[in-house]
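# Working through the structure, step by step
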Amino acid sequence: MSHYPLVENLFGDDIAKEPIRAGFGRGLKAAGEINERVVALCADLTDSTQMSKFKEAFPERFVEIGVAEQNLVTVASGMARAGKIPFTSSYAAFSPGRNWEQIRTTIALNDQPVKIVGSHAGVSVGPDGATHQMLEDIAIMRVLPNMVVVAPGDSVEAEKVTKAIAENGKPSYIRLAREKTPVFSVEESPFEIGKAYVLREGSDISLLGTGTMSYQLLVAAKALEAHGIHAEVVHVPTIKPLDEATILHSITKTGRVLTAEEAQVNGGFGSAIAELISEKKPTPLLRVGMLDRFGESGAPEELLDHFGLTGAKIAEKAKAFIDTTPQYHREG
Amino acid sequence: MNKQLTITDLEHMAYRLREDVIRMLEHAGSGHSAGPLGLAEIFATLYFDVMRYDPKNPEWDDRDYFFLSNGHCVPIQYAAMAEAGFFPKEELMTLRRLGSRLQGHPERTKLPGLENTSGPLGSGLSQASGVAYTLQYIDKQPHRFVYAVTGDGELDEGNIWEAAMFAGKNKLSQLIVFVDRNNIQIDGTTDHVMPLEDLHGKWESFGWHVQEIDGHNVESIRDAASMARAITNKPSVVIAHTIPGKGVDFMEYDYHWHGSPPNSEQAKEALHKLRTLDGKIKGEHE
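Residues numbered from 1 in each chain as written. Chains lettered and ligands numbered in written order. Predicted model: local features only at pLDDT ≥ 70, side-chain atom pairs only at ≥ 80, totals over all residues. Heavy atoms only, no water.

## Here we look at the overall build of chain A
Within chain A, the regular secondary structure consists of 11 helices and 14 strands. Based on the C-alpha atoms only, the size of chain A along its principal axes is roughly 60 × 40 × 40 Å. Pairs at least 24 apart in sequence give 79% of the contacts found in chain A among residues at least 6 apart. Total accessible area computed for chain A in this model is approximately 11,700 Å², and 50% of it derives from carbon and sulfur atoms. (Helix = DSSP H or I, 4+ residues; strand = E, 2+ residues; numbered from the N terminus. Contact = heavy atoms within 4.5 Å. Areas by Shrake-Rupley, 256 points an atom, 1.4 Å probe, with all protein chains shown as cover.)

Structure representation (structure tokens):
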């Protein structure tokens, strides 16, 4: 397997943390420098979604839409028809939460390369509460034909994701988190749309994560070492299209699977993996995430712990799962 | 693609498009009758007098754009496009059939010459605004125009007014919208389902230049488009008063024909009426 470069102080208290959306802000500005067809539209959240860097650099290519998410994506669809590559941003609860039909008809079915950027996804949004903690976005976006869905794992990767999505020529969704998230990848770490990456090799279980959860899985794998469990950690930033080969290779080796996401597992990343493996490689599966319920107000760390989404809590679940579940289809 | 048709030519063209619509809908066995018939003069005038395009090169990079927001009226657009030479007229009879490029509601990716995919109401004006914004502020091509047609029942949608506000704020003067004011929607008349008046005042208050015309008078349509192009500090809306089902007396003014096609007897009668100006002349085809 490929060696994925990670930061040196991966488990140190001093690991750098940065909101994933900050990487998007840098990536969008860079994408705008590379390609003058890139334009940006925002629904009254320009600083919050980090579009402000692009706006400062390219004021003539930035369009303020106001609090009108349906108009946000449909104006973008029109700009794409006129040859532009529009990035639209708002909080994920509003876009794609409120304007899904417009995205379906005027972007996905219409096959226009509009980029929907949903910031503030997941429970780690924190005190704003359930209304603003978007959990259903993975489900409603990955079900759309033509749509690419990516949840970067940290801000460094988000920058690469944004630049790649700008040039992919497809309707695409980027899922971003609000809170500071540990930066586990480095400049040299690879990112390609449609690729999953083995962050750490192991033989007893495959821990598959997307977005903010991939770092937590690294923490969980380290905790599992103490129990003599060798967990493999696979980072899956692209939820659609899935890197089936990498995922199936990993689970064939380990014979057990745990998925983790800061989203509804019903229809979400866990469901995507369940669909894949139940058809191609039936393997015992435990899905970690939001289990058919909404979030609530609280501090971000508090909420992640409450909903069992920290490395430590995931390690406990993985341990119990391994203790009760034999490995299937183990080869060699 | 200005073919320099006379007013009389355009009037005849509108009736030819109506005949195509009746034949297409009868053959398809489903679809919307009233709206497309009522829009015949507007489409005839836009496609054969007003808009600049090249049917042999639909992606011509200097063309005007056309957005149909109320996608269910697409039979009249298909009829105009076929007449203009975008595709062979025989293909009109494939409407709504499996494998056809002429989907029940328009799909851009299927048929060259369509600028958008529509059907779910209320989104076409925003897409047209996106193009108009690009032409005016980014690509700076002031000689190109963006035309759009919306229904009136469609104005119930919030997305329309989001677009109206956006176009008004940005003074999108290359955007010209025709509202098909035929006073019907599926559940009844617009004043019964959801009153729209004062429609003129609503658009005006959103910062638009407003004209009201007889939507069956091709000269008025042409003049309104001309006036709209001359307005350089506002987007333009033309409230076109039309008769739903126009040209076929048993369909006129009856909202039940919003979403129904004629059967073969009704189609025969409708074609007779269209070809004879309702019995006033001898039909050349009969």
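Next comes the rest of the write-up.
## Regarding the side chain of N70 of chain B
Position of N70 of chain B relative to the elements: it lies in the loop between β1 (65-68) and α4 (74-84). On the basis of relative accessibility, which here comes to 2%, the residue N70 of chain B falls in the buried class. (Buried < 20%, exposed > 50% of the residue type's maximum accessible area, 1.4 Å probe, protein only.)

## A word on the interface of chain A and chain B
Listed per partner, the contact involves 26 residues of chain A and 26 residues of chain B. The largest contributions to the chain A side of the interface with chain B come from N71, R81 and N110 of chain A, which together make up 28% of the buried area. Between R81 of chain A and E115 of chain B there is a salt bridge; the shortest N-O distance is 2.7 Å. In this assembly, chain A and chain B are joined by 11 residue pairs in polar contact (both at pLDDT 80 or more). Listing elements by their share of the side of chain A that touches chain B, those giving two or more residues are β3 (62-64), α3 (69-81) and α4 (100-109) of chain A. The element contributing the most residues to the side of chain A that touches chain B is α3 of chain A, with nine residues. In the side of chain A that touches chain B, the residues fall into nine nonpolar, 10 polar and seven charged. (Buried area = accessible area lost by both parts, 1.4 Å probe. Salt bridge = Lys/Arg side-chain N within 4 Å of Asp/Glu carboxyl O. Polar contact = N/O pair within 3.5 Å; in protein donor to acceptor, adjacent residues only side chain to side chain. Nonpolar A, V, L, I, M, F, W, Y, C, P; charged D, E, K, R; others polar.)

## Side note on helix α10 (residues 264-276) of chain B
Residues and elements named next belong to chain B. Relative to the 18 Å expected for 13 residues at 1.5 Å per residue, α10 spans 18 Å between its end C-alpha atoms, a close match to the ideal helical length. Looking at the buried residues of α10, the elements they touch are α1 (7-28). Following α10 by one or two positions, L277 adopts a phi angle in the positive range, close to 50°. (Expected span 1.5 Å × (residues − 1).)

## Notes on the sheet that holds strand β3 (residues 175-181) of chain B
Residues and elements named next belong to chain B. An order of β1-β2-β3-β7-β6 is seen for the five strands of this open sheet, with the pairing classed as parallel. Pairing within the sheet leaves two strands with one partner each, and these edge strands are β1 and β6 (209-214). Each strand axis lies, on average, 20° off the axis of its neighbour in the sheet, ignoring direction. (Pairing = 2+ DSSP bridges. Axes fitted to C-alpha atoms, helices over the stretch in contact; angles between N-to-C directions.)

## Points about the domain arrangement of chain A
All names here are of chain A. When the domains of chain A are assigned, the result is domain 1 (17-182) and domain 2 (197-324). Using C-alpha coordinates to define each centre, domain 1 is positioned 25 Å away from domain 2. Listed as interface residues are 32 residues of domain 1 and, on the opposing side, 32 residues of domain 2. In total, about 2,300 Å² of surface goes out of reach between domain 1 and domain 2, with carbon and sulfur atoms giving 60% of it. Sorting the residues of domain 1 by area buried against domain 2 places V123, L135 and R142 first, and these three jointly supply 28% of that buried surface. Salt-bridge contacts for R142 lead to E275; the nearest nitrogen and oxygen are separated by 2.7 Å. Our count for the contact surface shared by domain 1 and domain 2 stands at 17 residue pairs in polar contact (both at pLDDT 80 or more). When residues of the side of domain 1 that touches domain 2 are traced back to their parent elements, those giving at least two are α5 (137-142), β6 (148-150) and β8 (180-182). (Domains from an automatic or database assignment.)

## As for the pairing of strand β7 (residues 236-241) of chain B
Residue and element names in this part refer to chain B. With five of its six residues buried, β7 lies for the most part within the structure. Note that β3 and β7 share six bridges and pair parallel. Within the sheet, the bridge partner assigned to D180 lies in β7 and is A240. As defined by bridge partners, β6 adjoins β7 across six bridges and the pair is classed as parallel. The partner of H209 across the bridge, within β7, is S236. In the classification by handedness, the crossover that spans β6, the intervening helix α9 (residues 218-230) and the parallel β7 is right-handed. (Right-handed = clockwise from strand over helix to strand, strands pointing away.)

## Focus on the sheet that holds strand β5 (residues 115-119) of chain A
Residues and elements named next belong to chain A. Across the sheet, which stays open at both edges, the seven strands sit in the order β3-β2-β4-β5-β7-β6-β12 with mixed pairing between neighbours. In the strand order of this sheet, the two ends are held by β3 and β12 (238-240), each with one partner. Between one strand axis and the next, the sheet turns by 20° as a mean value, whatever way the strands run. Packing against the sheet, helix α1 (residues 20-34) makes contact with β2 (38-42), β4 (85-91) and β5, and its axis sits at approximately 140° to β2.

## Section: the packing of α1 of chain B against α9 of chain B
All names here are of chain B. The interhelical angle for the contact between α1 and α9, taken along N-to-C directions, is 110°, at an axis separation of 9 Å. Classed by the angle they form, the pair α1 and α9 counts as roughly perpendicular. Note on element contacts: α9 touches α1 through V218, E219 and R222, opposite I7, L10 and E11. For the contact of α1 with α9, the class distribution of residues is three nonpolar, no polar and three charged. (Parallel < 35°, antiparallel > 145°, perpendicular 65-115°, else oblique.)

## Looking at unusual backbone geometry
Put simply, K240 of chain A and P241 of chain A share a cis peptide bond, and its omega is 0°. In this fold, P241 of chain A is placed in the loop between β12 and α8 (244-254). Here the bond from E197 of chain B into D198 of chain B is cis, since omega is 10°, no more than 30 degrees from zero. Here D198 of chain B shows up in the loop between α7 (190-193) and α8 (199-205). Located in the positive-phi region is N146 of chain A, a residue other than glycine, with phi close to 80°. For N146 of chain A, the location among the structural elements is in the loop between α5 and β6. A positive phi angle is found at K171 of chain B, which is not glycine, with a value near 50°. Positionally, K171 of chain B belongs in the loop between α6 (158-169) and β3. Taking relative accessible area as the criterion, K171 of chain B reaches 46% and is therefore assigned partly exposed.

## Some words on empty space enclosed by the protein
One pass over the full model with this rule turns up two cavities of 30 Å³ or more. Taken as a whole, the largest cavity holds about 130 Å³ of empty space. Lining the largest cavity are 16 residues; nearest its centre among them are Y53, D64, F86, G113 and E115 of chain B. Lining the second largest cavity, in full, are I20, A121, A151, P152, R175, L176, A177, G211, T212 and E262 of chain A. The residue makeup of the lining of the second largest cavity, split by class, is six nonpolar, two polar and two charged. Two domains each put at least three residues into the lining of the second largest cavity: domain 1 (17-182) and domain 2 (197-324) of chain A. (1 Å grid on protein atoms, 1.4 Å probe; cavity = no way out; pocket = protein on both sides within 12 Å on 5 of 7 lines; lining within 4 Å. Points joined across faces, edges and corners; volume = space filled by probe spheres on them.)

## Concerning the pairing of β3 of chain B
All names here are of chain B. Burial analysis of β3 places seven of its seven residues in the buried class, the great majority of the element. Alternating residues of β3 divide into L175, V177, V179 and R181 and I176, F178 and D180, and every residue in both groups is buried. For strand β2 (residues 146-151) and β3, the ladder comprises six bridges, and the chain directions are parallel. Paired with A148 across the two strands is V177, which belongs to β3. Remark: the β2/α6/β3 crossover connection has right-handed handedness.

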